[in-house]
Every structure is written in structure tokens, then in C-alpha cells.
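Okay, here's what each chain looks like letter by letter:
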Amino acid sequence: MADNWKTRTKLVHEGSRRSQYGEMAEAIFLTQGFAYDSAESAEARFVKAGDDEFIYARYGNPTTRMFEERIAALEGTEDAFATASGMAAVNAALVSMLRAGDHVVSARALFGSCLYILEEVLTRYGVRVTFVDGADLDQWRAAVVPGTKAVFFESMSNPTLELVDIAAVSDIAHAVGALVVVDNVFATPIFSRAVDQGADVVVYSATKHIDGQGRALGGVICGTRDYIRKVAEPYLKHTGAAMSPFTSWIMLNGMATLDLRCRAMAESALTVARALEGHPKVTRMIFPGLPSHPQHALAMAQMGSGGTLVTFEVAGGKEGAFRFMNALEIAKISNNLGDAKTIATHPATTTHQRLPQDQKDALGITPGLIRLSVGLEDADDLIADLMQGLAQV
Ligand SMILES: *Cc1c(COP(=O)(O)O)cnc(C)c1O
């Protein structure tokens, strides 16, 4: 809408569409289709649909369109396409642009389902995939070769919060004409500057911070109008991973408070990380917002924040970690992130359980490791809860 609007204004108003009733709140257009005034107008719409013309909810829907326009404005891309889940977004972003014989370079430290798409799905259809250590630019330089079609990485890895230098990897990729596809969930759309740093396509699981209240599964692909409309949309509209209008409405409501929530969570995450660092029962602290993180300077340059997740290792291995988690009263044991409720996850036995031991070792997923998604509770209450948990270790 207004190019000069700042983030919080965009998050409240951008993309809003009002019906003839002038409703204040974004309406849920819970409809699969749209009636045409005449056979001629149906024909015309199938030839070329105008901005306010929709055909079928698998292709697009007014509520979903509001969400797509709002997130595109926030991310700074020309367009966006919403999907049924974050994984549908990752899958469609990659599969829609690749064909047999293409070469992709990917960071190795990936969310398990992302790894499945790169390792199992793409290779099954003849795409060649080279995995690199995402933090090692020399490995990217060696792996990205003339003819490489795309690079893929999570800008901050799960659960060990290792960053990939978006600007540096984008330079390497663009030198051979490869597209840069970033899964930016941990960075959040608020701290993301991925497009300015060179990313061509940015993917989010909206299930995380965008909803922010653990209600709905969703995803979104952000990119240029050409990429979204000519590459991603044809694949998505024919394969059916559309976001439900009801979910789009939930996500729109989430976005109004996204900036406030992410900043409050990140501030609490820093307070929590400072309180836990150096605690005798905490044997390792990983938080990009602390100077002790090896990529602290990159985190500040790339995101201007340490993010909303704190990962740490407690003494006593798995037993210590379980004692700690079972003692928590405020933080919930679960595996979502970016939720208003603080969530403690034990990656070794849950999200990363299926990884073989050598890969767990390589990724630093030790038996005592805890991933904490810091929520919106009072930071003092959270710290008190974590401290009484550590006392049980
Ligand atoms: C959660 C997550 C996904 C998948 O999103 P869903 O909405 O659960 O499908 C993909 N990438 C990362 C980094 C995630 O954290």
C-alpha cells in the first residue's frame, strides 16, 4: 500500500481488503470459489484474473491474499504465496524451480523434514545435491560450480543456532547464476534482512512466530513477482498445498503483533541467556546475542538480534536434561517454537531422535542439550522457573 510505511504500520494495515460492508477486521472468505456475473466474465477471468478477481481457493482467496501481501511487504519482496505448512513452502520453493539433472548445494544442518526433501525427494527425481558445512565459506566456494541452479540453507540452524552468512553465500551463488533460497524461520521476519543481503527466495513456517500462539500450521514463500507467479504458483495451484482462508485469518491476526512479540521474546531470550551463562549446572551456552557465541558479530550484522531461542547443555547428560525439564513449571515441554508460551525441547530424543549418532555428534546435539523457545512471560518468572529446574539437575 504505502511504500514509506514502517514495519508496525504495515503489520497492522498492509494488504487489507474490505468488502462492500467496510468491515474493520479482516474478513474470513470461507469459500472455495466465486460466482461470475456472466459466462463471458468467467471466460475473461480464466484468461487473466485482475487484482480483486479470484477463481478457486486452491489458486488464491481474498483472505489468503491479504496475508500474502502483508508478509511480502514486511519481507521486502514483490510477492508471496501462502501454503498449508512450512514444509509445503520449502518443498514447493525447491521442486517448482528444479528438474532432473540440476545441481543444488545445501547446508547440512537442516530441520529433519527439510533434509528429507533435499536428500530423498529431490535426488529421487534426478536432482544432484551437495551438502556443505553452512558456516564454512570455503566449502560453499568449492561446492557451488557453474551450472549450480540453487543453494539452500537455514539462516540459523536448529537446534545449535549456527548462522550462515547470507551475504557471503549469496555472492558465491550469484557469481554462477544460482538462486539463493533461505529457510528463515529462526531469524523471524522481524529480524530478517535476507533480501537486502542477497536472498532470492525466503521461506517461512508461519506455524512459528507468525502465528505465534501455537494455533495453526502454515507456510509462505516470498520472492520476485516472476518467481512467485511463473514458477511457484503454477506448481502450487496444481498440486494443492494452499493455505486455508481460516488459517490466513489467524496469521493476519498474528502479524498485527509480530513485531512487538518478536522484540519482547528476543529481549527476554537475551536476559535468560545472560542469567544462565556461567551457571554451574550449565555446561555450554549457545546464544548468538551473547559475545561468547562464535558468530556474535555476524548475528548482530545479519539480524541485529540474537533471536528468540536459547540453546544450552545441562550437566548430567540425558538424565540431567530430563530432571531439569520435568521440574519446569512455566515452560512447557513441547516442540514448537516462536510461541507466546515458553517451550523446552530435548532435541536428542525428539526432533532429532532419528539422526544417527555420528550426525548428532557432528551437529553438537548432545544428550544434555536443551532448546528453549522463549515466550512472552515475564523474564523474571521464567528465570526463576529455569533456576529451580537447574537445582534439580
Ligand atoms: C518448523 C520448521 C519447518 C517446517 O514448518 P511446518 O510449519 O512445521 O511445516 C521448516 N523449517 C524450519 C527451520 C522449521 O523450524
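Before reading further, recall that the structure is shown in the block above.
Please read all numbers here as calculations on a predicted model, not as lab measurements. (Residues numbered from 1 in each chain as written. Predicted model: local features only at pLDDT ≥ 70, side-chain atom pairs only at ≥ 80, totals over all residues. Heavy atoms only, no water.)

## Things to note about the packing of aromatic side chains
Okay, so step 1: All chains considered together, the criterion is met by six aromatic pairs.
Okay, so step 2: Ring centres of Trp 140 and Phe 153 lie 5.8 Å apart, and the angle between their planes is 70°; on these two criteria the pair is classed as edge-to-face. Residue Trp 140 is located in helix 6 (residues 137-143), and its partner Phe 153 is located in strand 4 (residues 148-154); the two are separated by 13 residues in the primary sequence. You'll find Trp 140 and Phe 153 in the same group, each marked buried. (Phe/Tyr/Trp six-rings, centres within 6.5 Å; stacked < 30°, edge-to-face > 60°. Helix = DSSP H or I, 4+ residues; strand = E, 2+ residues; numbered from the N terminus. Buried < 20%, exposed > 50% of the residue type's maximum accessible area, 1.4 Å probe, protein only.)

## A closer look at the pairing of strand 4
Okay, so step 1: Counting buried residues along strand 4, six of its seven residues qualify, which places the element largely inside the surrounding structure.
Okay, so step 2: Judged from the four bridges that link them, strand 2 (residues 103-107) and strand 4 form a sheet pairing that is parallel. Among the inter-strand pairings, Ser 106 is bridged to a residue of strand 4, identified as Phe 152.
Okay, so step 3: Direction of pairing for strand 4 relative to strand 5 (residues 179-183): parallel, over a ladder of five bridges. Considered in strand 5, the bridge of Phe 152 is made with Val 181. (Pairing = 2+ DSSP bridges.)

## Some remarks on the packing of helix 3 (residues 62-75) against helix 10 (residues 245-256)
Okay, so step 1: Between helix 3 and helix 10, the least distance of the axes is 8 Å, while the angle of their chain directions is 35°. For the element pair helix 3 and helix 10, the recorded crossing hand is left-handed. Every residue of helix 10 that contacts helix 3 at Thr 63, Thr 64, Met 66, Phe 67, Arg 70, Ile 71 and Leu 74 is listed here: Pro 245, Ser 248, Trp 249, Met 251, Leu 252 and Met 255.
Okay, so step 2: The residue inventory of the contact of helix 3 with helix 10, partitioned by class, reads nine nonpolar, three polar and one charged. (Axes fitted to C-alpha atoms, helices over the stretch in contact; angles between N-to-C directions. Left-handed = near helix turned anticlockwise from the far one by under 90°. Contact = heavy atoms within 4.5 Å. Nonpolar A, V, L, I, M, F, W, Y, C, P; charged D, E, K, R; others polar.)

## Details of the pattern of salt bridges
Working definition: two side chains of opposite charge can pair if their charged atoms are close together.
Okay, so step 1: By the definition in use, this model includes 17 salt bridges.
Okay, so step 2: Two residues, Arg 17 and Glu 69, come together in a salt bridge whose shortest N-O distance is 3.2 Å. You can see Arg 17 sitting in the loop between helix 1 (7-13) and helix 2 (39-47) and its partner Glu 69 sitting in helix 3, a full 52 residues away along the chain.
Okay, so step 3: On the accessibility criterion, Arg 17 (15% relative accessible area) is buried.
Okay, so step 4: The class for Glu 69 is partly exposed, based on a relative accessible area of 27%.
Okay, so step 5: Note that Arg 225 and Asp 79 form a salt bridge whose closest N and O atoms lie 3.4 Å from each other. Here Arg 225, found in helix 9 (residues 225-239), pairs with Asp 79, found in strand 1 (residues 79-83); they are 146 residues apart in sequence, far enough to count as distant.
Okay, so step 6: For Arg 225, a relative accessible area of 44% gives the class partly exposed.
Okay, so step 7: Residue Asp 79 is classed as buried on the basis of its relative accessible area, which comes to 2%.
Okay, so step 8: Via salt bridges that share partners, Arg 17, Asp 52, Arg 65, Glu 68, Glu 69, Asp 79, Arg 225, Arg 229, Glu 233 and Lys 237 belong to a single interconnected network. (Salt bridge = Lys/Arg side-chain N within 4 Å of Asp/Glu carboxyl O.)

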